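These are the residues of each chain, in order.
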Amino acid sequence: MNNNQELQRLIVEGIQERKGKKIALVDMSEIESAPTQLFVIAEGSSSMNVAAIADSVREYVQQHSGIKPYNYDGYQNSEWIVIDYGWAMVHIFLPQDRERYNLEELWNDAVITDLSDLD
């Protein structure tokens, strides 16, 4: 498993640790204009849950790989938190904000893989 696959796995596990739902992997590696190789998109049930999921991703990835994000933003209202790992960007949304911004549709020429919820 290469480092990017490992990072992807750790991000997903970090999301699942805090009951993040509707995880989508948006592989943009074949799109020249894409800002990154991978979006990992998920949603939380409340702004508190969105913040907890984002914290879990940052802590889980760092604990298991030593990798820290380059940046993160959105904790002010915790409706949409983005975590930037360079190769991958993690987007944690409230359901209505995910629907409003609709990143999957925006990048619909990417390869999108929807993961099953754990429960």
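Since this is a predicted model, take the numbers as computed values, not measurements.

J.: Account for the overall build of the protein chain, naming residues and giving values.
T.: Helix and strand content of the protein chain: 4 helices and 6 strands. When the elements of the protein chain are put in sequence order from the N terminus, they spell out α-β-β-α-β-β-β-α-α-β. Here the protein chain has a C-alpha radius of gyration of 13 Å; the compact-globule value for 119 residues is 14 Å, and the two agree. Per-residue burial over the protein chain gives 44% buried out of 119 residues. Sequence separation of at least 24 residues holds for 59% of the intrachain contacts in the protein chain that already meet a minimum separation of 6. Taken as a whole, the protein chain presents about 6800 Å² of accessible surface, with 44% of it coming from carbon and sulfur. Side-chain charges in the protein chain split into 9 positive and 20 negative, and the spacing between the mean points of these groups amounts to 8 Å.

J.: Let's hear about empty space enclosed by the protein: which residues, and what values?
T.: A full pass over the atoms with the stated rule returns 1 cavity of 30 Å³ or more. Roughly 30 Å³ of volume is contained in the largest cavity. What lines the largest cavity is Gln16, Lys19, Gly20, Lys21, Leu118 and Asp119. Residues of the lining of the largest cavity, tallied by class, amount to 1 nonpolar, 2 polar and 3 charged.

J.: So what's going on with the packing of aromatic side chains? Which residues, and what values?
T.: Under the definition given, this model contains 5 aromatic pairs. Residues tyrosine 72 and tyrosine 75 carry aromatic rings whose centres are separated by 5.8 Å and whose planes lie at 80° to one another, so their mutual orientation is edge-to-face. Overall, the relative accessible area of 38% leaves tyrosine 72 in the partly exposed class. With relative accessibility at 25%, the residue tyrosine 75 sits in the partly exposed group.

J.: Break down the sheet that holds strand β5 (residues 88-93) for me, with residues and values.
T.: Ordered in space as β3-β4-β5-β2-β1-β6, the 6 strands form an open sheet in which the pairing is mixed. The open sheet terminates on both sides in strands that have one partner only, identified here as β3 (71-73) and β6 (111-114). On average, each strand axis in the sheet is inclined to that of its neighbour by 15°, with strand direction left out of account. Here 5 bridges tie strand β4 (residues 80-84) to β5, and the two strands are oriented antiparallel to one another. Bridged to tryptophan 80 within β5 is phenylalanine 93. Sitting on the sheet, helix α1 (residues 3-17) is in contact with β1 (21-27), β2 (38-43) and β5, with an inclination near 165° to β1.

J.: A description of α1 should follow, citing residues and the corresponding values.
T.: The first and last C-alpha atoms of α1 sit 21 Å apart over 15 residues, in line with the 21 Å expected at 1.5 Å per residue. For α1, every residue scored as buried is listed here: Leu7, Leu10, Ile11, Val12, Gly14, Ile15 and Gln16. Contacts from the buried residues of α1 go to β1, β2, α2 (47-65) and β5. Positive phi shows up at lysine 19, right after α1, with a value of about 65°.

What counts as what
- Residues numbered from 1 in each chain as written.
- Predicted model: local features only at pLDDT ≥ 70, side-chain atom pairs only at ≥ 80, totals over all residues.
- Heavy atoms only, no water.
- Helix = DSSP H or I, 4+ residues; strand = E, 2+ residues; numbered from the N terminus.
- Rg over C-alpha atoms; globule rule 2.2 N^0.38 Å.
- Buried < 20%, exposed > 50% of the residue type's maximum accessible area, 1.4 Å probe, protein only.
- Contact = heavy atoms within 4.5 Å.
- Areas by Shrake-Rupley, 256 points an atom, 1.4 Å probe, with all protein chains shown as cover.
- Lys, Arg positive; Asp, Glu negative; His and termini not counted.
- Charge placed at Lys NZ, Arg CZ, Asp CG, Glu CD.
- 1 Å grid on protein atoms, 1.4 Å probe; cavity = no way out; pocket = protein on both sides within 12 Å on 5 of 7 lines; lining within 4 Å.
- Points joined across faces, edges and corners; volume = space filled by probe spheres on them.
- Nonpolar A, V, L, I, M, F, W, Y, C, P; charged D, E, K, R; others polar.
- Phe/Tyr/Trp six-rings, centres within 6.5 Å; stacked < 30°, edge-to-face > 60°.
- Pairing = 2+ DSSP bridges.
- Axes fitted to C-alpha atoms, helices over the stretch in contact; angles between N-to-C directions.
- Expected span 1.5 Å × (residues − 1).

These results come straight from atomic positions and should not be treated as a statement about function.
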